[in-house]
Amino acid sequence: MVQATSPGPVARCTGGGLATVDVHNPHLVFAPYNGDVLLQSSDAVLFGVHSCVLALASPVFRDMLSTSSLASPSQSPAGSFFIRKPIALSEPAHILEYLLCLIYLLPPPSFDNLSFLTLVVEASIKYKLSSVTNTLRRHLLSPLFLHRHPLRVFAIARRFDFLGEASEASRASLDVDMFSVPISEELRYISAYDYHGLLTLHYSRSQATRDLLSSRSKDCPLRCVQCSYDDSGGYELPPRWWLVFEKRAKQELRRRPLTDVIFSMQFLSKCANAGCPSCGTSILNSFEFMECLKAEMDALPDAISFV
């Protein structure tokens, strides 16, 4: 796996030609003496690449190569490589190297920073590197980003019009409390319309799950052998654990309209402990009802459709 590069000696373009300085050290595949074209990053690091590879990968690079007046190769004083006129690009070396690694189908770089991934996506779109962009879209939906930063992923996807990824991110955003997530730089690039769509998804699903819970509670068939008897001796009262469950579940669904927490053993155990000594057994006997209720909630709309 290609990791972020470390400092080391590398050819760098200066006013008097090429000089060896201690800066960003690109992959050896892109050493300045390789290929037939030199690309120069915005921080003056040189990459030796092959024009045929760039032309096949990107129509922008193809046009750039066809219009660039590259100097004829001539041997350097040291005799170690040919000096060619570099093509200056606006991306820094660490962004350019990731792009080139993906173009050359080298082992995929590791992305552990969402802001950095966004910069690479932006560059891939700029140069119309469709295959590279598709690879980066898959990285965007990696669990590292999608489950930890769903709102940021949603904003990035909408910024670049990645509709499928935006829909997936809207679904993942249900796992967070919208009003407790810190503001992020990515939100600058989406419209109020899109953000309102997220809020609407959260509100509508939260309301739907709580309404469903209320509906099932009206004719609750669940009973407890100890606390379901009323004063007249009738066996008609819902268990105490269910009353606690309904109240606490609605509070949780208001924040996060998902079922993973409210149907977890930890959550149900707390509800049982708040009931009578027999409520734990009642919960176990109610597993079919609870499974059906969870399935009904899970079937409710849980993502924004951009079709």
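Numbering of residues starts from 1 in every chain and runs along the sequence as written. With the structure being a predicted model, the display of local features is reserved for residues of pLDDT at least 70 and the display and counting of side-chain atom pairs for 80 or more, all residues being used for whole-chain, interface and lining totals. Based on all heavy atoms of the structure, the side-chain values leave hydrogens and waters out of the count.

## Focus: the nonpolar core
The tendency in soluble globular proteins is for nonpolar side chains to be buried side by side.
Logical step 1: Take the buried residues of types Ala, Val, Leu, Ile, Met, Phe, Trp, Tyr and Cys, join any two whose side-chain atoms come within 4.5 Å, and each joined set is a nonpolar core. Burial status follows relative accessibility: with a 1.4 Å probe on protein chains alone, a residue under 20% of its type maximum counts as buried, one over 50% as exposed, and anything between as partly exposed. In this structure, L39, F47, V49 and L100 are the most contacted members of the largest nonpolar core, which totals 54 residues.
Logical step 2: Numbering of helices and strands starts at the N terminus; helices are DSSP runs of H or I of at least 4 residues and strands are runs of E of at least 2. A total of nine residues in this core trace back to one element, the largest contributor, which is helix α3 (residues 93–103).
Logical step 3: Contact between two residues is taken to exist if any of their heavy atoms lie within 4.5 Å; hydrogens are not considered. Not counting residues up to four positions away in its chain, the partners in contact with F47 are P26, F30, V37, L38, L39, S41, A93, L96, E97 and L100.

## What about the sheet that holds strand β3 (residues 37–40)?
Logical step 1: The rule for pairing is simple: two strands pair if DSSP sees at least two bridges between them. Taken together, the three strands give an open sheet; going across it, the order is β4-β3-β7, and neighbouring strands pair in mixed fashion. The open sheet is flanked by β4 (46–49) and β7 (87–88), the only strands paired with a single partner.
Logical step 2: As paired strands, β3 and β7 are joined by two bridges and run parallel to one another. Looking across to β7, one finds that Q40 is bridged to A88.
Logical step 3: For every element, the axis is a line fit to its C-alpha atoms; helices are fit only across the contacting stretch, and the angle between N-to-C directions ranges from 0 to 180 degrees. Contacts from α3 reach β3 and β4, with the element oriented near 15° to β4.

## What about the packing of aromatic side chains?
Logical step 1: Pairing of aromatic side chains requires ring centres within 6.5 Å, counting the rings of Phe and Tyr and the six-membered ring of Trp. Pairs whose planes differ by under 30 degrees are stacked, by over 60 edge-to-face, and all others tilted. If you walk through the whole model with that rule in mind, you get 15 aromatic pairs.
Logical step 2: Plain terms: the ring middles of F154 and F306 are 6.4 Å apart, the flat faces sit at 35° to each other, and that makes the pair tilted. A residue pair is termed long-range when its members are at least 10 positions apart, and F154 in helix α7 (residues 150–159) and F306 in the segment after α13 (287–298) qualify at 152 residues.
Logical step 3: Judged by its relative accessible area of 1%, F154 falls in the buried class.

## Here's the deal with the pairing of β3
Note on strand geometry: in a regular strand, side chains alternate between the two faces of the sheet.
Logical step 1: Residues V37 and L39 point to one face of β3 and L38 and Q40 to the other, with burial holding for every one of them.
Logical step 2: Taken together, the four bridges between β3 and β4 define a ladder with antiparallel strand orientation. The residue bridging Q40 from the neighbouring strand is L46, located in β4.
Logical step 3: With antiparallel pairing between neighbouring strands as the criterion, β3 and β4 make up a hairpin whose turn holds five residues, including A44 at a positive phi of roughly 70°.

## Focus: the confidence of the model for the protein
Logical step 1: For the protein, per-residue confidence averages 87 on the pLDDT scale, and residues scoring 70 or more make up 87% of the total.
Logical step 2: Confidence per residue, as judged by the predictor, is encoded in pLDDT with a range of 0 to 100. Mean pLDDT values over the elements of the protein span from 44, in strand β1 (residues 7–14), up to 97, in helix α8 (residues 163–172).
Logical step 3: Here residues 1–22 scores under 50 on pLDDT; set against residues more than four positions off or in separate chains, the count is 57 contacts.
Logical step 4: Counting contacts from residues 76–81, a segment whose pLDDT is below 50, to residues more than four positions away or on other chains yields seven contacts.

## Topic: the environment of S173
Logical step 1: Note on placement: S173 falls in the loop between α8 and α9 (192–218).
Logical step 2: Residues S173 and H202, 29 residues apart in the sequence, show an inter-C-alpha distance of 8.4 Å.
Logical step 3: Residues in contact with S173, not counting those within four places in the same chain, are P150, L151, L198 and H202.
Logical step 4: At a separation of 3.1 Å, a polar atom in the side chain of S173 contacts the side chain of H202. Identification of polar contacts relies on pairs of N or O atoms within 3.5 Å, with a donor-acceptor requirement for protein atoms, meaning one able to donate a hydrogen and the other able to accept it, and with residues adjacent in sequence counted only if both atoms are side-chain atoms.

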